[in-house]
Amino acid sequence: MKLSFEKGFFAPLPVLIIGTYDANGTPDAMNAAWGGQIGMTQISVSLSSSHKTTANIRLNREFTVAFATAEQIAACDYVGVVSGNNVENKLEKCGFTVTKSDKVNAPIIDQLPAVIECRVLDIQEEFGETRVVAEVVGMKADESVLTDGKVDYAKAGFAVYDTVSKCYRAVVGNVGAARSIGRKFE
Ligand SMILES: Cc1cc2nc3c(=O)[nH]c(=O)nc-3n(C[C@H](O)[C@H](O)[C@H](O)COP(=O)(O)O)c2cc1C
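Anyway, here's the lowdown on the structure attached to this text.

**What about the nonpolar core?**
Core analysis: the largest hydrophobic core is formed by 17 residues, its most contacted members being Ile17, Val79, Phe96 and Leu112. For this core, the elements supplying multiple residues, two or more each, are helix 2 (73-78) and strand 8 (107-109). Here this core takes three residues from helix 2, the largest share from any one element. Core analysis: the second largest hydrophobic core is formed by 16 residues, Ile43, Val65, Val120 and Ile123 among them.

This is the structure we're talking about:
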């Protein structure tokens, strides 16, 4: 018999590190779990309107999304607990350095191996959240995590967010080929 449970109804969640510039060109980054892919070329993220990131996205209408790794998890957590509204050198403090994207006016965090470059399509104020819908206009990854030109999960060391235990977990192991292993029931 199944019992009702109270928390963590959608799990696991991603650990998205959103990179933006402010009006002075100062880079900022924040951790976002409430985000996902829409179709083949778009994403959405759900942001609190008080974040510096949200203001920066409204200003530039461009941003990056890097994917957290187990190796950099402390820095990825730090950008999720401290606001660029209060700490001037937020990225420096956790050891992140950035390179400006050549596709969008947004920083790419050098220490995270895979990143997408995004351009805003729509910003919706709904249900008390700011929902940003964006088009993916570029994708970049360190050579060290690529195999045959594609991001290799076995090399990247990505982390996900466990909303129940409130911890980050490593993505490990290939448990079956998608659109293939299930065909045995055909
Ligand atoms: C694991 C984790 C997940 C988070 N997910 C979100 C999210 O999806 N949306 C959001 O608005 N804030 C989220 N936050 C909070 C922001 O990352 C945090 O408030 C951050 O300090 C904002 O930084 P900024 O003001 O420099 O943009 C999350 C924080 C953590 C630690």
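Alright, that's what it looks like, and here's the rest.
**Brief notes about empty space enclosed by the protein**
Following the criterion strictly, the structure yields one cavity of 30 Å³ or more and no others. Quantified by volume, the largest cavity comes out at close to 30 Å³. Every residue along the wall of the largest cavity is listed here: Thr26, Pro27, Asp28, Lys52, Gly84, Val87, Glu88 and Lys90.

**Let's talk about the layout of surface pockets**
In this structure, the largest pocket spans a volume of roughly 1,000 Å³. Lining of the largest pocket is provided by 33 residues; of these, Gln37, Phe67, Ile116, Tyr153 and Phe158 occupy positions nearest its centre. Of all the secondary-structure elements, those providing two or more residues to the lining of the largest pocket are strand 1 (13-14), strand 4 (35-38), strand 5 (42-47), strand 6 (62-67), strand 9 (114-126), strand 10 (129-141), strand 12 (150-151) and strand 13 (159-162). With six residues, strand 10 is the single largest residue contributor to the lining of the largest pocket.

**Concerning the site of the ligand**
In the region of the ligand, 22 residues are neighbours, and Asp28, Asn31, Thr53, Ser83 and Gly84 sit closest. His51 places a polar side-chain atom, nitrogen or oxygen, 2.9 Å from an oxygen atom of the ligand. One nitrogen or oxygen atom from the side chain of Ser83 is found 2.6 Å from an oxygen atom belonging to the ligand. Against a free-state accessible area of 650 Å², the protein chains account for coverage of 87% of the ligand.

**Things to note about the pairing of strand 2 (residues 16-21)**
With six of six residues buried, strand 2 lies mostly within the body of the structure. Along strand 2, one buried face is formed by Leu16, Ile18 and Thr20 and the opposite face, lined by Ile17, Gly19 and Tyr21, is buried too. Pairing of strand 2 with strand 3 (residues 27-32) involves six bridges; the strand directions are antiparallel. The partner of Ile17 across the bridge, within strand 3, is Asn31. Between strand 2 and strand 3, which follow one another and run antiparallel, lie five residues, and Gly25 among them has a positive phi close to 80 degrees.

Quick notes on the rules
- Residues numbered from 1 in each chain as written.
- Predicted model: local features only at pLDDT ≥ 70, side-chain atom pairs only at ≥ 80, totals over all residues.
- Heavy atoms only, no water.
- Core = buried A, V, L, I, M, F, W, Y, C linked by side-chain atoms within 4.5 Å.
- Buried < 20%, exposed > 50% of the residue type's maximum accessible area, 1.4 Å probe, protein only.
- Helix = DSSP H or I, 4+ residues; strand = E, 2+ residues; numbered from the N terminus.
- 1 Å grid on protein atoms, 1.4 Å probe; cavity = no way out; pocket = protein on both sides within 12 Å on 5 of 7 lines; lining within 4 Å.
- Points joined across faces, edges and corners; volume = space filled by probe spheres on them.
- Near = heavy atom within 4 Å.
- Polar contact = N/O pair within 3.5 Å; in protein donor to acceptor, adjacent residues only side chain to side chain.
- Areas by Shrake-Rupley, 256 points an atom, 1.4 Å probe, with all protein chains shown as cover.
- Pairing = 2+ DSSP bridges.

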